[in-house]
Amino acid sequence: QLITFTGPRSPEWCAAFDRSSEERLWPAVRDLPGLAGDVVGSTSDGGRIALTLAESIETLEAGAVAIMSTELLPWEKPEHLTGPDDLTILRLLHADVPAAAPAG
């Protein structure tokens, strides 16, 4: 799943995004079965991109439910919680996974 928040974004928005990600969003999803990983990046104008790797669409949907079920933290302001500019689901059709090295 690829989510983009296009810049320019204010320093306040960027700080809220980063802090919310660490303090509310990641704790809500980190133990979901089937979640393989998450990478977040930023652009020079404050935009953000988030790539989430999961084993299934159901895992991504469960993550969205978990996040939407959380309560805002006392410092969070709704005006900083704008939705993404784009959300794309990408499917991996084939992967060549190397065999495990023999124990030795």
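Here's what I pulled together on the structure shown here. Quick caveat: nothing in here was measured; it's all calculated off a predicted structure.

**Notes on the pairing of strand β3 (residues 48-54)**
- The sheet contact formed by strand β1 (residues 2-5) and β3 spans four bridges and is antiparallel. Looking at β3, one finds that Leu2 is bridged to Leu51.
- As paired strands, strand β2 (residues 35-42) and β3 are joined by seven bridges and run antiparallel to one another. Bridge pairing in β3 links Val39 to Leu51.
- From the end of β2 to the start of β3, which pair antiparallel, there are five residues, and Gly46 there has a positive phi angle of about 95°.

**Structural notes on the packing of aromatic side chains**
- Tallied over the full model, the rule gives three aromatic pairs.
- A ring pair is formed by Phe5 and Trp13, whose centres lie 5.7 Å apart and whose planes are at 50°; its orientation type is tilted.
- Consider the rings of Trp13 and Phe17, whose centres lie 5.1 Å apart with planes at 25°: the pair is stacked. Taken as a pair, Trp13 and Phe17 lie in helix α1 (residues 11-29) at a separation of four residues, close to a single helical turn. Across the pair, exposure class does not vary: Trp13 and Phe17 are buried alike.
- Members of the aromatic cluster, each reached through a chain of ring pairs, are Phe5, Trp13 and Phe17.
- The ring of Trp13 has Arg9 sitting right over it, with the charged end atom 4.3 Å from the ring centre.

Rules and cut-offs
Residues numbered from 1 in each chain as written. Predicted model: local features only at pLDDT ≥ 70, side-chain atom pairs only at ≥ 80, totals over all residues. Heavy atoms only, no water. Pairing = 2+ DSSP bridges. Helix = DSSP H or I, 4+ residues; strand = E, 2+ residues; numbered from the N terminus. Phe/Tyr/Trp six-rings, centres within 6.5 Å; stacked < 30°, edge-to-face > 60°. Buried < 20%, exposed > 50% of the residue type's maximum accessible area, 1.4 Å probe, protein only. Lys NZ or Arg CZ within 6 Å of the ring centre and 35° of its normal.

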